[in-house]
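Per-entry structural report
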Amino acid sequence: MSIAMAREALLWCTVINYGVLVVWWLVFLLAHDWMYRLHGRWFHLSMDQFDALHYVGMGLFKIGILLFNLVPYIALRIVG
């Protein structure tokens, strides 16, 4: 695999992962009560716990995108 191909793959991974994050945020924002009821069937969480878990999950997902996709892409752009 060439550096150019790795750069392109990392760029597309970053775009797709940010797309997933935006969809997650939109569903959380626009269908919050529906999501809470859906997950409430499986897990007995208060509304505050539910919100905190999603907030932390989105934050960890964003950090993962930065560390595993965007930073290597930028490093390859600098090197290549």
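An account of the accompanying structure is given in this report.

In this section: the overall build of the protein. In terms of helices and strands, the protein carries three helices and zero strands. Here the C-alpha atoms of the protein give a radius of gyration of 17 Å, more than 25% beyond the 12 Å that 2.2 N^0.38 yields for 80 residues. At a minimum sequence separation of 6, the contacts of the protein that also span at least 24 residues come to 65%. For the protein, the accessible area works out to roughly 6,000 Å², and carbon and sulfur atoms hold 74% of it. Averaged over its 5 positive side-chain charges, the protein has a centre that lies 11 Å from the centre of its 4 negative ones.

Before going further, it helps to spend a moment on the nonpolar core. L21, F28, M35, F50, M58 and I65 form the largest nonpolar core, which has six residues in total. Broken down by secondary-structure element, the contributors of at least two residues to this core are α1 (3–30) and α3 (47–79). If you tally residues by element for this core, the top one is α3, at three residues. Not counting the four nearest positions on each side in its chain, I65 is found in contact with T14, N17, Y18, L21 and L70.

It is worth spelling out the environment of Y55 at this point. If you trace the backbone, Y55 turns up in helix α3. Judged by relative accessible area, Y55 falls into the exposed class, the value being 67%. For the pair formed by Y55 and W25, sequence separation is 30 residues and the distance between their alpha carbons is 9.3 Å.

A word on a nonpolar patch on the surface. Where nonpolar side chains cluster on the molecular surface, the patch consists of Y55, V56, L60, I63, L67 and F68 and spans about 710 Å² of accessible area. Residue position: F68 is located in helix α3. Given a relative accessible area of 63%, F68 falls into the exposed group.

Contact pair helix α2 (residues 32–40) / α3: the axes reach a minimum separation of 11 Å and the direction vectors enclose 105 degrees. In terms of orientation, α2 and α3 fall into the roughly perpendicular class. Packed against α2, whose contacting residues are H32, D33, M35, Y36 and H39, the element α3 presents M47, F50, D51 and H54 at the interface. A per-class count over the contact of α2 with α3 returns four nonpolar, three polar and two charged.

As a further point, take the packing of aromatic side chains. As enumerated under the stated definition, the model contains three aromatic pairs in all. Pairing W24 with F61 gives two aromatic rings, centres 6.2 Å apart and planes at 70 degrees, and the pair type is edge-to-face. Separated by 37 residues along the polypeptide, W24 in helix α1 and F61 in helix α3 bring together distant segments of the chain. A residue is classified by how much of its surface remains accessible, and F61, at 27% relative accessible area, is partly exposed. Taking 5.3 Å as the distance between ring centres and 75 degrees as the angle between the ring planes, the aromatic pair formed by Y36 and F50 counts as edge-to-face.

Conventions adopted
- Residues numbered from 1 in each chain as written.
- Predicted model: local features only at pLDDT ≥ 70, side-chain atom pairs only at ≥ 80, totals over all residues.
- Heavy atoms only, no water.
- Helix = DSSP H or I, 4+ residues; strand = E, 2+ residues; numbered from the N terminus.
- Rg over C-alpha atoms; globule rule 2.2 N^0.38 Å.
- Contact = heavy atoms within 4.5 Å.
- Areas by Shrake-Rupley, 256 points an atom, 1.4 Å probe, with all protein chains shown as cover.
- Lys, Arg positive; Asp, Glu negative; His and termini not counted.
- Charge placed at Lys NZ, Arg CZ, Asp CG, Glu CD.
- Core = buried A, V, L, I, M, F, W, Y, C linked by side-chain atoms within 4.5 Å.
- Buried < 20%, exposed > 50% of the residue type's maximum accessible area, 1.4 Å probe, protein only.
- Patch = residues over 30% accessible without salt bridge, like charges linked within 9 Å, V, L, I, M, F, W, Y side chains within 5 Å.
- Salt bridge = Lys/Arg side-chain N within 4 Å of Asp/Glu carboxyl O.
- Axes fitted to C-alpha atoms, helices over the stretch in contact; angles between N-to-C directions.
- Parallel < 35°, antiparallel > 145°, perpendicular 65-115°, else oblique.
- Nonpolar A, V, L, I, M, F, W, Y, C, P; charged D, E, K, R; others polar.
- Phe/Tyr/Trp six-rings, centres within 6.5 Å; stacked < 30°, edge-to-face > 60°.

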